[in-house]
Amino acid sequence: MSDATEFHDRALSLGLARVAEQAALASAKLIGRGDEKAADQAAVNAMRGQLNLLDIAGVVVIGEGERDEAPMLYIGEEVGSGNGPAVDIALDPLEGTTLTAKDMPNALTVIAMGPRGSMLHAPDVYMEKLAVGPGLPEDVVSLTMNPAKRVMALAAAKNCAPENITVCVLERPRHEAMIAELRTTGCAIRLITDGDVAGVIHCAESDTTGIDMYMGLGGAPEGVLAAAALKCMGGQMWGRLTFRNDDERGRAAKAGITDLDRIYSRDEMVTQDVIFAATGVTDGSILAGIKREPGFLTTETILMRSKTGSVRRMTYRAPSH
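Owing to the predicted nature of the structure, the values given are computational and were not obtained by experimental measurement.

(A) Fine view of the nonpolar core. Within the largest apolar cluster, 49 residues are counted, with the highest numbers of intra-cluster contacts made by Tyr214, Met237, Met269 and Phe276. No other element matches the ten residues that helix H8 (residues 220-233) contributes to this core. Grouped together as the second largest cluster of nonpolar side chains are 41 residues, Ala20, Ala26, Val44 and Leu51 included.

Spelled out as structure tokens, the structure:
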């Protein structure tokens, strides 16, 4: 393999940060404007334009949807100059379109990149997710445990009372029974309205976010993105695809998934070293949102490499046009 086609994660990482930054800057003018579709489209256009400047032979494996439902950054789309390493790209140009439209916290632009074949081609179905932060015994909790038992097991591992555990859950009717069961343990629950990639990342920075565990049903594509982030930051994650009908089972078959009941660990969702970048759009517990001042916009980006465990935080001040 020649040098030009090797995946040099260090050389590509700053380019990836620019991709996340440009998508965030493009959505800036739509923060709080109530138009989710326009905010998403602005981020998509900018992210795609910036990706195509990179010297990679990229394929979108987690994107805006199937080819027939997304005109750009669809699953299978080839991006980059075509010169350079063959890479898988997982992205969410605007994680939290509703959060952006309503100017609520934790909207991000998110992208991950790894060697070709390194990321699970997750179909656009639900995934049952469970995540905890770094520094815990392996398999301290599992998807086969009921929610209350997970809290008890994590509390025991952290040598604290269940009351000192905080669980992050998407606020959805489908989670009502799970939330009721969690309440019986005395743990705290932080409910979020959207943005479960951020929700999972919160576990990896529990000292600043106060969140110990994430659980619940959310989008499978976002699960792979979150696994990429945790691979860089440390932490454990498990995912199991769930299907509501034959159409969704068909999507899994199309993505090459044969064992529909399989529980994927973090390293089964993301099998090789990856780089991950996210830029804050609205203020959140991980990243500051876009700041405006006369003539300028300032962004904050987190850039991580799983190979070295390095985490870089960058601010970028750009002239606003």
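Resuming the write-up.
(B) Representation of the pattern of salt bridges within the structure. Evaluation of the coordinates by the stated rule reveals 19 salt bridges. In this structure, Asp196 engages Lys129 in a salt bridge whose closest nitrogen and oxygen atoms are separated by 2.6 Å. Note that Asp196 is positioned in helix H6 (residues 196-204) and Lys129 in strand S5 (residues 126-132), a separation of 67 residues in sequence. Judged on exposure class, the residue Asp196 and its partner Lys129 are both buried.

(C) Focus on the packing of H6 against H8. The contact between H6 and H8 brings their axes to 9 Å, and the two run at 25°. In terms of axis orientation, H6 runs roughly parallel to H8. With respect to the hand of their crossing, H6 and H8 are arranged in right-handed fashion. Mapping the contact onto sequence places Asp196, Val197, Val200, Ile201 and Ala204 in H6 and Glu222, Leu225, Ala226, Ala229, Leu230 and Met233 in H8. When its residues are assigned to classes, the contact of H6 with H8 shows nine nonpolar, no polar and two charged.

(D) Region of interest: the sheet that holds strand S10 (residues 263-265). Taken in spatial order, the six strands of this open sheet run S7-S6-S8-S5-S9-S10, and their pairing is mixed. The sheet is open, and its two borders are formed by strand S7 (188-192) and S10, each paired with just one other strand. Averaged over all neighbouring strand pairs, the angle between strand axes comes to 20°, with direction disregarded. Pairing geometry for strand S9 (residues 236-242) and S10, over three bridges, is antiparallel.

Reading guide: rules and limits
Residues numbered from 1 in each chain as written. Predicted model: local features only at pLDDT ≥ 70, side-chain atom pairs only at ≥ 80, totals over all residues. Heavy atoms only, no water. Core = buried A, V, L, I, M, F, W, Y, C linked by side-chain atoms within 4.5 Å. Buried < 20%, exposed > 50% of the residue type's maximum accessible area, 1.4 Å probe, protein only. Helix = DSSP H or I, 4+ residues; strand = E, 2+ residues; numbered from the N terminus. Salt bridge = Lys/Arg side-chain N within 4 Å of Asp/Glu carboxyl O. Axes fitted to C-alpha atoms, helices over the stretch in contact; angles between N-to-C directions. Parallel < 35°, antiparallel > 145°, perpendicular 65-115°, else oblique. Left-handed = near helix turned anticlockwise from the far one by under 90°. Contact = heavy atoms within 4.5 Å. Nonpolar A, V, L, I, M, F, W, Y, C, P; charged D, E, K, R; others polar. Pairing = 2+ DSSP bridges.

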